[in-house]
Amino acid sequence: MSDAAAELAEVVRGQWSRIFSAVVRYTGSVELAEDSLQEALARALVARDRQVLLNPAAWVTTVAKRIAVDTVRRDVALRERFPLLVSAPLGEAIELEAPGGDDRLGMLLLACSPELAPETRVALALRFVLGAPTDAIADAMLVDHRAMSARLTRAKRRIESSGIRFELPDVADRGRLDDVLSTVSVLYTIGHTASRGSELRTERSAQVAIELARALRRAYPDDVEVAGLLGMLLLTEARTATRQDDSGTLVTLEHADRTKWNAALISEGLGLAVVGLGGGGRFGLQAGLAGLHSAAPSWESTDWNEIVRLYDALIRLWPSPAALLARAVASSFGPAGPDAALRQLDAMPQMAGAAHRQSLAVRADLLRRANRPLEAGAAYLAAMSLEHNETVRGYLTERIRTTDR
Amino acid sequence: MSKQYVILIREPEWSAEQVAETDEAAWAAMWAQHNAFSAAVAAAGGKVVGGEALEPPAAGFRVDGYGGSPVFTDGPFGETKEIVSGFYEIEVPDDADVRALAALCPTDGWVEVYPVMDLPEQ
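The structure presented is a predicted model; accordingly, all values stated were derived computationally and were not measured.

1. As for the environment of Tyr 26 of chain A
Residues and elements named next belong to chain A.
Working step 1: With respect to the helices and strands, the residue Tyr 26 is situated in helix H2 (residues 16–27).
Working step 2: A relative accessible area of 0% places Tyr 26 in the buried class.
Working step 3: Taking C-alpha positions, Tyr 26 is 7.3 Å from Lys 65, a pair spaced 39 residues apart along the chain.

Structure below.
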């Protein structure tokens, strides 16, 4: 019956993080939630229950909770570990308020526990709360896929063996909030440009990221970095309509028809960017950077000097490979030009994942603009060899074709 | 923008035996039909906002006399044999072909589709 299983998985996948969040918050255990949900999914396929046809997500959630309670009651060791569950009726008070009205946000705060290694928290949250695929996470976080997979497995085992019981933390815990901001930001990155496949974007990831950022803003209305994150996402999202032309070909920022950008999102985003910039944190700065692009009436009127200045500030705070690359690109459009940017690129440390791949395309483009077509052609080929997104490959192919001329 | 619709599923009542005795193949077919409906809604750029299966009329009751003394009548109500066995609520973009989507909602009878009222302009 694997067709039905696949269809069921597809139906609940759209709501997986809500389902999973609800069951983990109910049980307080990732492993118990996962096992209970697996069992509930298996039962859904054979249950002669019309409710499972009409509202599979609710059915699976309720049944998983019942299974969790049954599991705990039958096992002495588990009864000691989960005393509340033993006597808990299904819809009861151990369920906690969803911050900003979003279940998933509570889960993300849970998952970003300081008891876990810092580099693991964001990845764990992306994988187990938001259901992002391991390879997409690895790519976006600039880590080798196998290493990321191993890291996640170790983290899960550590959680279970050390008996970390997830309880909703004090909402004033700023450290966790920062990890949640990172998680949402990486999720948007994953959604913005897929690392493989025929679609440029992974729509659902981008949408979920924006929903979570909005929930964060409702939950933390006074936090300037939260404002910065939402501003950054909205200002970037505003430009979505012009990333591809009608035939699906990639269109660069330089050639985008700015009249098609979403003015409402830009306006909202700029307001948030102003708040964020006031705080001087990394999300505020990134919102400012997105704003400088989205608010410029044309490519020619883009304030590249100000963009470089903001990148300098960002790099001082958070010297990520992505920021270093972007700064080099921005400086190439200012008075320094592509040659200076190529020298910056050469001086950068070796990168991994998406940053490495992008650095090859950046190098190729700088070489093209520096009138070094032979080297540019070779560099575009090198970039192609690592690029698995068909839309981006199409763009690189076209560049090779026009550069060779 | 988008619009919401409630789809009432009107079909003959399900008996408990009928449900329990449905064989694997028939149940798999029903799964496939419901999944095809929700997949079509998603493909049209919309989503299934809610849905429930309803218990049969024998489990329900009717209330008359609002504003005065309520009069309660237990189901079944002896009307047409097509009861409301369940419903979906969907949200779809304005340009979606709602009729085509509704035609994919599984039923042994018919479905009734009602747009949900929008908020008035502020």
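2. Quick notes on the pattern of salt bridges
Working step 1: The full count for this structure, using the stated rule, is 21 salt bridges over all chains.
Working step 2: Each of Asp 139, Arg 357 and Glu 387 of chain A takes part in one network of salt bridges that share partners.

3. Digging into the pairing of strand E4 (residues 71–74) of chain B
All names here are of chain B.
Working step 1: Pairing geometry for strand E3 (residues 61–64) and E4, over four bridges, is antiparallel. Residue Asp 64 lies in a different strand from E4, and its bridge partner there is Val 71.
Working step 2: Hairpin connection of E3 to E4: six residues between the antiparallel strands, including Gly 65 at a positive phi of 85°.

4. A word on the interface of chain A and chain B
Working step 1: Facing 15 residues of chain A, the contacting portion of chain B comprises 24 residues.
Working step 2: Between chain A and chain B lies a buried interface of about 1700 Å² when both sides are counted; carbon and sulfur atoms form 61% of it.
Working step 3: If you sort the residues of chain A by the area they bury against chain B, Arg 48, Arg 50 and Leu 53 of chain A come out on top, with a joint share of 45%.
Working step 4: Along the contact surface separating chain A from chain B lie zero salt bridges.
Working step 5: Where chain A meets chain B, there are seven residue pairs in polar contact (both at pLDDT 80 or more).
Working step 6: Those elements that provide at least two residues to the side of chain A that touches chain B are helix H1 (2–13), helix H3 (30–46) and helix H4 (50–54) of chain A.
Working step 7: Looking at side-chain class alone, the side of chain A that touches chain B contains nine nonpolar, two polar and four charged residues.

5. A word on the nonpolar core
Residue and element names in this part refer to chain A.
Working step 1: Core analysis: the biggest nonpolar cluster contains 86 residues, and Leu 108, Val 184, Leu 216, Leu 229 and Leu 233 have the highest contact counts within it.
Working step 2: Contacts of Leu 216, omitting those with residues within four sequence positions, involve Leu 105, Leu 177, Val 180, Leu 181, Val 184, Val 226 and Leu 229.
Working step 3: Membership of the second largest hydrophobic core comes to 24 residues, among which are Leu 200, Ala 364, Leu 367 and Ile 400.

6. Quick notes on helix H15 (residues 263–279) of chain A
Residue and element names in this part refer to chain A.
Working step 1: When the terminal C-alpha atoms of H15 are compared, their 25 Å separation across 17 residues agrees well with the 24 Å that a helix rising 1.5 Å per residue should span.
Working step 2: When we look at burial in H15, the residues that qualify are Leu 265, Ile 266, Gly 269, Leu 272, Ala 273 and Gly 276. When H15 is viewed along its axis, its buried side chains cluster within an angular range of 135° and face the same direction. Exposed residues lying more than 90 degrees from the buried face of H15 are Ala 263, Ala 264, Ser 267, Val 274 and Gly 278.

7. Remarks on helix H13 (residues 203–219) of chain A
Working step 1: Taking 1.5 Å of rise per residue, the 17 residues of H13 of chain A would be expected to cover 24 Å, and the 24 Å separating its terminal C-alpha atoms lies within 8% of that figure.
Working step 2: By the burial criterion, the buried members of H13 of chain A are Ser 205, Ala 206, Val 208, Ala 209, Ile 210, Leu 212, Ala 213, Ala 215 and Leu 216 of chain A.

8. Description of the side chain of Ser 331 of chain A
All names here are of chain A.
Working step 1: With respect to the secondary-structure elements, Ser 331 resides in helix H18 (residues 321–332).
Working step 2: Relative accessible area serves as the criterion here: at 9%, Ser 331 is assigned to the buried category.
Working step 3: When sequence neighbours within four positions are dropped, the list of residues in contact with Ser 331 reads Val 308, Ala 336, Gly 337, Ala 341 and Gln 344.

9. Quick look at the packing of aromatic side chains
All names here are of chain A.
Working step 1: Applying the stated criterion across every chain, the model contains five aromatic pairs over all chains.
Working step 2: Summarising the aromatic geometry, the rings of Trp 299 and Trp 304 are spaced 5.1 Å apart at their centres and angled 70° between planes, so their arrangement reads as edge-to-face. Both residues of the pair, Trp 299 and Trp 304, belong to the buried class.
Working step 3: Stacked on the ring of Trp 318, the Lys or Arg Arg 282 has its end atom at 3.6 Å from the ring centre.

10. What about the confidence of the model for chain A?
Working step 1: Overall, the predicted model of chain A reaches an average pLDDT of 86, with 88% of residues at or above 70.
Working step 2: Here residues 91–96 of chain A is a poorly scored stretch, pLDDT under 50, and it has 11 contacts once near neighbours within four places are set aside; other chains count.

Reading the values: the criteria
- Residues numbered from 1 in each chain as written.
- Chains lettered and ligands numbered in written order.
- Predicted model: local features only at pLDDT ≥ 70, side-chain atom pairs only at ≥ 80, totals over all residues.
- Heavy atoms only, no water.
- Helix = DSSP H or I, 4+ residues; strand = E, 2+ residues; numbered from the N terminus.
- Buried < 20%, exposed > 50% of the residue type's maximum accessible area, 1.4 Å probe, protein only.
- Salt bridge = Lys/Arg side-chain N within 4 Å of Asp/Glu carboxyl O.
- Pairing = 2+ DSSP bridges.
- Contact = heavy atoms within 4.5 Å.
- Buried area = accessible area lost by both parts, 1.4 Å probe.
- Polar contact = N/O pair within 3.5 Å; in protein donor to acceptor, adjacent residues only side chain to side chain.
- Nonpolar A, V, L, I, M, F, W, Y, C, P; charged D, E, K, R; others polar.
- Core = buried A, V, L, I, M, F, W, Y, C linked by side-chain atoms within 4.5 Å.
- Expected span 1.5 Å × (residues − 1).
- Arc of directions from axis to C-beta.
- Phe/Tyr/Trp six-rings, centres within 6.5 Å; stacked < 30°, edge-to-face > 60°.
- Lys NZ or Arg CZ within 6 Å of the ring centre and 35° of its normal.
- pLDDT = per-residue confidence, 0-100.

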